[in-house]
Amino acid sequence: MTLLPYLVAGWIFLIGVYGLVTSRNLIHTVGCLSVTQSSTYVLLLAIGYRDGGTAPVYAALPKDARVVDPVVQALTLTDIVVGATVTALLLALVTQLHKRHGTVDPDELLALKG
Amino acid sequence: MTRRGRLVLFLAAAAVVAVLLVAAFLGLPQFGGSHHPYGDRAVRAAFAHHTANAVAAVNFDQRAFDTLGEESILFAAVLGAMVLLRQTTGERRRPPRRARVSPPIRRLGMVMLPVALLVGLYVVAHGQITPGGGFQGGVVVATALHLLYVAADYGALERIRPLSPYEIGDAAGEAAYVVTGISTVLAGSAFLTNVLPLGTFGTLTSGGTVVLLNAAVGMEVACGVVVLLASFLDQAVEIEAPPGNNGAGPAEAAGGGGNA
């Protein structure tokens, strides 16, 4: 029994959160959030994998072909779309923050509030 | 909290989370195993509705209502980014400077633009039989238009991309999805049920409503991404901060801290 693909997903998640915690630039923070989220893609696709399976697209396949799970692939597509929209919104917020406060360092932003 | 304290707290928490994750992974189904009850049922349902791409069948047929939610998230995000990145008081618009682009890049861009546009439309149209669909193809179409920005300059992009049709297209794509759902209700079944003729398996017209929903999503994604990128490009290229607050480097931030 191999755990490696699941462990990779867990590692990507933790390394993304590490980036979030230590980030000194909000653009970098948004990038780290994307990394954190991409761990869910790896986890979903790893769960749906079937040994020797091919893509679940039957246009050029016999109907009894061995394919990977299409449900998690569809979920991953949803995941990617939501991730992209969240990234776009956060980057728009960072742009406005930079204009208002002149900095994108989260620590300096805290100092400005007080 | 100091940076060091934050890091120590993170490392302790991460160690706990890592242990919990490994414990959870040990309970997951075996990697590469052949037990996929939902996958097998989804494939059978895709065959029943003559949709060769099982992923498209899941997204636009079996989970069509969820995809409406996903599409609405995209719509709301584009709307939110537009509101956030609008021209605020005191900001001026300056005409974009003409950029110098080397001739080979210009020629390559002009050749690739129609090719990329066609590939995008192909990916949208063949979503039910090949890998792809509205989401993927829509992004390709929107990217193709922005080859103009790379190959010529921002002025050329703005001439070919008056924004209001794309804003309307974004809303129309979202509306077309809902209208398709309402028409299935009027046809006497549940919201977003696949009621259209299913066609021959593996052909362009197979899959019933999957084709329509793919086209609606493709239109919304293409227009939405164009509008989204336009808001960001406007900020980078055209909109100018009011005088006295231009760009605001770290030194200015320290000086402006008092009135922030």
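Residues numbered from 1 in each chain as written. Chains lettered and ligands numbered in written order. Predicted model: local features only at pLDDT ≥ 70, side-chain atom pairs only at ≥ 80, totals over all residues. Heavy atoms only, no water.

Some remarks on helix H6 (residues 134–145) of chain B
Given 3.6 residues per helical turn, the α-helix brings residues three or four places apart onto the same face. A rise of 1.5 Å per residue sets the reference length of H6 of chain B, with its twelve residues, at 16 Å; its end C-alpha atoms lie 17 Å apart and thus fit the reference within 8%. Of all the positions in H6 of chain B, only Gly134, Phe135, Gly137, Gly138, Val141, Ala142, Ala144 and Leu145 of chain B are classed as buried. (Helix = DSSP H or I, 4+ residues; strand = E, 2+ residues; numbered from the N terminus. Expected span 1.5 Å × (residues − 1). Buried < 20%, exposed > 50% of the residue type's maximum accessible area, 1.4 Å probe, protein only.)

Focus: the pattern of salt bridges
Proximity of charged atoms lets side chains of opposite charge pair with each other. Applying the stated criterion to the full structure yields seven salt bridges over all chains. We note a salt bridge from Lys99 of chain A to Glu91 of chain B, for which the minimum N-O separation is 2.6 Å. You can see Lys99 of chain A sitting in helix H3 (residues 70–101) and its partner Glu91 of chain B sitting in the loop between helix H4 (64–84) and strand E1 (92–93), one on each of two chains. The same class applies to Lys99 of chain A as to Glu91 of chain B, namely buried. Members of the salt-bridge network, linked through shared partners, are Asp107 of chain A together with Arg3 and Arg6 of chain B. (Salt bridge = Lys/Arg side-chain N within 4 Å of Asp/Glu carboxyl O.)

Quick look at the UniProt feature "domain: Na+/H+ antiporter MnhB subunit-related protein" (unreviewed entry) in chain B
If you check UniProt for "domain: Na+/H+ antiporter MnhB subunit-related protein" (unreviewed entry), the listed places come out as residues 106–226 of chain B in our numbering. Secondary structure within residues 106–226 of chain B divides into 71% helix and 0% strand; the distance between the first and last C-alpha atoms comes to 21 Å. (UniProt positions renumbered as here; feature names shortened; annotations may be inferred.)

What to know about the packing of H4 of chain B against helix H9 (residues 163–186) of chain B
Residues and elements named next belong to chain B. Two elements in contact, H4 and H9, have axes separated by 10 Å at closest approach and are oriented at 160°. What the angle tells us is that H4 and H9 run roughly antiparallel. The handedness of the crossing between H4 and H9 is left-handed. Residues Ala64, Thr67, Leu68, Glu71, Ser72, Phe75, Val78 and Met82 of H4 form the contact with H9, whose participating residues are Glu167, Asp170, Ala171, Gly173, Glu174, Tyr177 and Val178. In terms of residue class, the contact of H4 with H9 is built from eight nonpolar, three polar and four charged. (Axes fitted to C-alpha atoms, helices over the stretch in contact; angles between N-to-C directions. Parallel < 35°, antiparallel > 145°, perpendicular 65-115°, else oblique. Left-handed = near helix turned anticlockwise from the far one by under 90°. Contact = heavy atoms within 4.5 Å. Nonpolar A, V, L, I, M, F, W, Y, C, P; charged D, E, K, R; others polar.)

Some remarks on the interface of chain A and chain B
Tallying the contact residues gives 54 residues for chain A and 59 residues for chain B. With both chains or domains summed, chain A and chain B bury close to 5,100 Å², and 70% of this area falls on carbon and sulfur atoms. The tally of links between chain A and chain B comes to four salt bridges. Linking Arg3 of chain B and Asp107 of chain A is a salt bridge whose minimum nitrogen-to-oxygen distance equals 2.6 Å. Taken together, the links from chain A to chain B amount to 16 residue pairs in polar contact (both at pLDDT 80 or more). Residue assignment for the side of chain A that touches chain B shows that the elements contributing at least two residues are helix H1 (4–22), helix H2 (26–48), H3 and helix H4 (106–113) of chain A. The residue inventory of the side of chain A that touches chain B, partitioned by class, reads 32 nonpolar, 13 polar and nine charged. (Buried area = accessible area lost by both parts, 1.4 Å probe. Polar contact = N/O pair within 3.5 Å; in protein donor to acceptor, adjacent residues only side chain to side chain.)

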